[in-house]
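Chains, contacts and geometry: an overview
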Amino acid sequence: MSAQPDTATNTVRELTLCVSGLSCERDGRVLFEGLEFTLNTGAALQIVGANGAGKSTLIRTLIGTASDYTGDILWQGAPFPKSLPELRTSLLYIGHNAGVRRGLTPLENLAWYGASRSDAMMALDAVGLYGFEDVLCQQLSAGQNRRVALARLYLPDPAPLWILDEPLAALDVAGVASLETQMRDHLQRGGSVLLTSHQPVDVAPLEKLNLADFQPCPEENLEQAYAS
Amino acid sequence: MRVEPFDRANPDLSKRDSGSVKSVPPRVPGFYTLLRTEFTLAVRRRSDIVNPLLFFVTVLAMMPLGIGPEPEMLARMAAGLIWVMALLATLLSQESLFRGDYEDGSLEQLALQPQPLYFPVLAKVVVHWLVTGMPLALLSPLLGMMLNLGEAGYWPLFVSLALGTASLSLIGAVGAALTVALRRPGLLLALIIMPLYVPVLIFGTGAVQAALDGYGYGPQMAILGAILAAAAALAPLAAAGAIRISLEN
């Protein structure tokens, strides 16, 4: 395989997303504090935590739609929010609401994301939606809609940084396996993946980050409350 | 548009290079794609188009029954009635402008793109006007006839409604963007944008009244045009800012 980057436009970029001392608050409740991690080229990071632990809030903070945080987020060594526009140019984000329009067909949905027809067909075939490309998404099942969103990961030249919120939700066993293969390929190409999931994800190298380890200790808070 | 056939057995892999992650500029939908997508969605949700129009026509058809059929009285009120109903019909349809996109997450995807939100918002407003304001304006001479509006008023009514409803759609987009995160924005939306609708209403009815009274209506049209130009330049910017705020919580 000739995978060496050759021309100037084809250079492999080193990616680093570095978070240190991050605390997020939502509705006056501290979700986590002192969060530290670094996401490098070719690495995957799975964020785990109970429902309501702040996984989605963390992701929204990282993509810059939530700005209620203290601490440092560095993208390529440059601090937020200055480096945010640059992060967004290398970002492929699939949120919990996956950005699939129910009134459009899978093909039209991918066209809206700027994919050409042949690329979109190939991506839809890869996620097992061949034959459904002209069916309205509102007539597809939840899992199939999830696959439409995930088809963006199968388009050629994907953005290097993938941030996926619960990508495995509603997927069947075969879908999960296919997605894991795609993520492994992406890591090998020199991309990075940050995802949240309650299920184990078979991707290597995978780091796990449990938000429960960063929760403010409730007992301490109580003691402080008694002391004051 | 040329449609390339897709050969499933032999997909065209020539363009595929899975060698390495490249720093390619991210794909963003162009203005034409945005317009076409919005239009497709609007056409598929036909009830959203038909409901405001039906409201407009039904209420105006009821008016002579309610206020009496005297032709002189109807003629005096026709322009104002048609304009107020057009205003309400636009307001009714405005609430759902960003709602669907907000709920399915595509608004978030748009906000994440490096390009400014101005053009996606403008595309949405243009399509909203095409499916609500434009049909209202086209129907207005017919309704004018029904309400015994003087013949001199047809043309100014149509032009002022065409210009005015475009401004209404633009201004309403700001309100819709501000309230998109609320579950039931109904009255709040009306309170936010109704005051901003007032100048459009005044000059719109003013133009028709001037024409009926035999005066020139150029100045009113010029002001409506100026309002539209200002709204087209500023309202999508304000709506884009409001969307970013709404997405924060």
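Residues numbered from 1 in each chain as written. Chains lettered and ligands numbered in written order. Predicted model: local features only at pLDDT ≥ 70, side-chain atom pairs only at ≥ 80, totals over all residues. Heavy atoms only, no water.

Time to look at the overall build of chain B. A tally of regular secondary structure across chain B gives nine helices and zero strands. Taken from the N to the C terminus, the helices and strands of chain B come in the order α-α-α-α-α-α-α-α-α. Across the 249 residues of chain B, 48% fall into the buried class. Summarising the internal contacts of chain B: among those between residues at least 6 apart in sequence, 81% fall at separations of at least 24. Roughly 11800 Å² of accessible area belongs to chain B as shown, and the carbon and sulfur atoms make up 68% of that amount. (Helix = DSSP H or I, 4+ residues; strand = E, 2+ residues; numbered from the N terminus. Buried < 20%, exposed > 50% of the residue type's maximum accessible area, 1.4 Å probe, protein only. Contact = heavy atoms within 4.5 Å. Areas by Shrake-Rupley, 256 points an atom, 1.4 Å probe, with all protein chains shown as cover.)

Of the regular secondary structure elements, chain A holds seven helices and nine strands. Across the 228 residues in chain A, those meeting the buried criterion constitute 54%. For chain A, the share of sequence-separated contacts (at least 6 apart) that also reach a separation of at least 24 residues comes to 68%. Summed over its atoms, the accessible surface of chain A is roughly 9900 Å², and 51% of this surface lies on carbon and sulfur atoms.

Turning to helix α6 (residues 173–188) of chain A, a few remarks are in order. Think of an α-helix as 3.6 residues a turn; residues three or four steps apart then line up on the same face. All names here are of chain A. Under the 1.5 Å per step criterion, the end-to-end length of α6 is 23 Å for 16 residues, consistent within 8% with the ideal 22 Å. Close packing links the buried residues of α6 with β3 (44–48), α5 (142–150), β7 (161–165) and β8 (192–196). One or two positions beyond α6, positive phi appears at G190, with a value near 100°. (Expected span 1.5 Å × (residues − 1).)

Residue and element names in this part refer to chain B. Assignment of secondary structure puts Q94 in helix α3 (residues 71–94). Taking the relative accessible area as the measure of exposure, Q94 reaches 0% and is therefore buried. Contact partners of Q94, with chain neighbours within four places excluded, come to H128, L168, S169, G172, A173, A176, L189 and Y197.

Next up on the list: the environment of I49 of chain B. All names here are of chain B. Inspection of the secondary structure puts I49 in helix α2 (residues 46–67). Taking the relative accessible area as the measure of exposure, I49 reaches 16% and is therefore buried. Through-space distance from the C-alpha of I49 to that of S93 is 8.0 Å; in sequence the pair is 44 residues apart. The contacts of I49, once residues within four sequence positions are left out, are A42, V43 and V131.

Residues and elements named next belong to chain A. If you walk across this open sheet you meet the five strands as β6-β7-β8-β3-β9, and the pairing is parallel. Two strands close off the open sheet at either side, each with one partner strand: β6 (91–94) and β9 (206–210). Along the sheet, successive strands turn relative to each other by an average axial angle of 15°, direction set aside. Here five bridges tie β7 to β8, and the two strands are oriented parallel to one another. Paired with L164 across the strands is L195, a residue of β8. Running over the sheet, helix α1 (residues 55–62) touches β3, β6, β7 and β8 and is turned about 150° from β7. Most of the contacts of α6 go to β8, to which it runs at about 145°, and overall it touches β3, β7 and β8. (Pairing = 2+ DSSP bridges. Axes fitted to C-alpha atoms, helices over the stretch in contact; angles between N-to-C directions.)

Before going further, it helps to spend a moment on the nonpolar core. Counting residues in hydrophobic clusters, the biggest one holds 66 residues, and the most contacted among them are F56, L60, I82, F98 and I243 of chain B. Elements supplying a minimum of two residues to this core: α2, α3, α5 (106–112), α6 (118–146), α7 (154–178), α8 (186–212) and α9 (218–248) of chain B. No other element matches the 12 residues that α7 of chain B contributes to this core. In this structure, L110, A115, A159 and M183 of chain A belong to the second largest nonpolar core, which totals 36 residues. (Core = buried A, V, L, I, M, F, W, Y, C linked by side-chain atoms within 4.5 Å.)

Right, let's get into the packing of aromatic side chains. Tallied over the full model, the rule gives four aromatic pairs over all chains. When the centroid spacing of 5.2 Å and the interplanar angle of 80° are considered together, the rings of Y118 of chain B and F119 of chain B count as edge-to-face. Judged by its relative accessible area of 18%, Y118 of chain B is buried. With relative accessibility at 41%, the residue F119 of chain B sits in the partly exposed group. We note R101 of chain A situated over the ring of W112 of chain A; from NZ or CZ to the ring centre the distance is 4.5 Å. It is R152 of chain A that lies over the ring of Y113 of chain A; its NZ or CZ is 4.0 Å from the centre. (Phe/Tyr/Trp six-rings, centres within 6.5 Å; stacked < 30°, edge-to-face > 60°. Lys NZ or Arg CZ within 6 Å of the ring centre and 35° of its normal.)

This paragraph deals with the confidence of the model for chain A. Per-residue confidence for chain A gives a mean pLDDT of 83; residues scoring 70 or more make up 89%. Confidence drops under pLDDT 50 across residues 1–11 of chain A; counting only partners more than four residues distant or on other chains, this segment forms 12 contacts. (pLDDT = per-residue confidence, 0-100.)

Turning our attention to unusual backbone geometry. Most peptide bonds adopt trans geometry, and most residues besides glycine take a negative phi value. All names here are of chain A. In this model, F80 is joined to P81 through a cis peptide bond whose omega is -5°. Along the polypeptide, P81 turns up in the loop between β5 (78–79) and α2 (84–89). Although it is not a glycine, Q76 adopts a positive phi angle of roughly 55°. Mapped onto the elements, Q76 comes out in the loop between β4 (69–75) and β5. A positive phi angle is found at E166, which is not glycine, with a value near 50°. Checked against the element boundaries, E166 lands in the loop between β7 and α6.

Below, the discussion takes up the pairing of β7 of chain A. Residue and element names in this part refer to chain A. Summarising burial for β7: five of the five residues are buried, a large majority. The alternating pattern of β7 places L161, I163 and D165 and W162 and L164 on opposite faces, both of which are buried. Sheet topology note: the β6/β7 ladder contains four bridges and is parallel. Residue L91 lies in a different strand from β7, and its bridge partner there is L161. In terms of handedness, the path from β7 via α6 over to β8 forms a crossover that is right-handed. (Right-handed = clockwise from strand over helix to strand, strands pointing away.)

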